[in-house]
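The lines below spell out each chain.
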Amino acid sequence: MPVTDETTQKSDPAPDVTEAGIRISDAATRAGVSARTLRYYEELGLLTPSLYTAGGERRYTLDDLDHLGRILELREVLGMNLDEIKEFLALETRLDELRATYRATKGVGTKKARAEQKATLEEALELNETLAQQLSAKLARMDAFRAKLVHDAQRCRELLAELD
């Protein structure tokens, strides 16, 4: 049995995500959010743990943590609210389904398969354009806000120069 020196022990590192998943508190710590936030995201339908223990305790997998990272990225980087995030993720999920459908029929040369490929690509095009439009609208609002701040900063410079 190894001997440990209590003075050199570190706090437990973040547990590895195993096939059994990790607890909600550990998932929250990894993501830099609270367990309450994860429960709220679950209530809204944004994030659902893939696993539960026999006692009903939530367990998060690597895929769940990746999905949570995507939610946080959309919230923090793009400034989306939770409703926007839910819609955006739903469209991305649909695009993933369309990719799988397209790949399944890609090598088939029948008229029916080509018609299905065309319909799949048309829907994917529409969804991609919708996502791009949503981001363009968000970026336009951000650009306008930034322009106002730059203008206000310039005005402050001018007023400061008048005081010299």
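Each remark here, short or long, concerns the structure printed above.
Residues numbered from 1 in each chain as written. Predicted model: local features only at pLDDT ≥ 70, side-chain atom pairs only at ≥ 80, totals over all residues. Heavy atoms only, no water.

Here we come to the overall build of the protein. In terms of regular secondary structure, the protein is built from five helices and two strands. Reading the protein from its N end, one meets helices and strands in the order α-α-β-β-α-α-α. Residue burial in the protein is summarised as follows: out of 164 residues, 24% are buried. Contacts in the protein between residues at least 24 apart in sequence constitute 52% of all its contacts with a sequence separation of at least 6. Accessible surface, the protein as shown: approximately 12,000 Å² in total, 54% of it carbon and sulfur. (Helix = DSSP H or I, 4+ residues; strand = E, 2+ residues; numbered from the N terminus. Buried < 20%, exposed > 50% of the residue type's maximum accessible area, 1.4 Å probe, protein only. Contact = heavy atoms within 4.5 Å. Areas by Shrake-Rupley, 256 points an atom, 1.4 Å probe, with all protein chains shown as cover.)

Pairing of side chains with opposite charge becomes possible as their charged atoms draw close. Evaluated as defined, the whole model comprises 13 salt bridges. Among the ionic pairs, Glu-42 bridges to Arg-58, the shortest N-O distance being 2.5 Å. Taken together, the positions of Glu-42 in helix α2 (residues 35-44) and Arg-58 in strand β2 (residues 58-59) put the pair 16 residues apart, joining distant regions of the chain. Arg-58 sits in the partly exposed class, given a relative accessible area of 24%. (Salt bridge = Lys/Arg side-chain N within 4 Å of Asp/Glu carboxyl O.)

Compared with the 78 Å implied by 1.5 Å per residue over 53 residues, the 77 Å span of helix α5 (residues 111-163) between its first and last C-alpha is a close match. Buried within α5 are the following residues: Ala-113, Gln-117, Thr-120, Ala-124, Leu-127, Leu-131 and Lys-138. In this structure, the buried side of α5 is in contact with α4 (82-105). (Expected span 1.5 Å × (residues − 1).)

Ranked by internal contacts, the top residues of the largest apolar core, which has 27 residues, are Leu-38, Tyr-41, Leu-47, Tyr-60, Ile-71, Leu-74 and Ile-85. Listing elements by their share of this core, those giving two or more residues are α1 (24-31), α2, α3 (62-76), α4 and α5. Apart from the residues lying within four places of it in its own chain, the contact partners of Ile-85 are Leu-46, Ile-71, Leu-74, Arg-75 and Met-80. (Core = buried A, V, L, I, M, F, W, Y, C linked by side-chain atoms within 4.5 Å.)

This part takes up the side chain of Glu-42. Within the local environment of Glu-42, its side chain forms a polar contact with the side chain of Arg-58, the two groups lying 2.5 Å apart. Setting aside residues up to four positions removed in sequence, Glu-42 forms contacts with Leu-47, Pro-49, Tyr-52, Arg-58 and Tyr-60. (Polar contact = N/O pair within 3.5 Å; in protein donor to acceptor, adjacent residues only side chain to side chain.)

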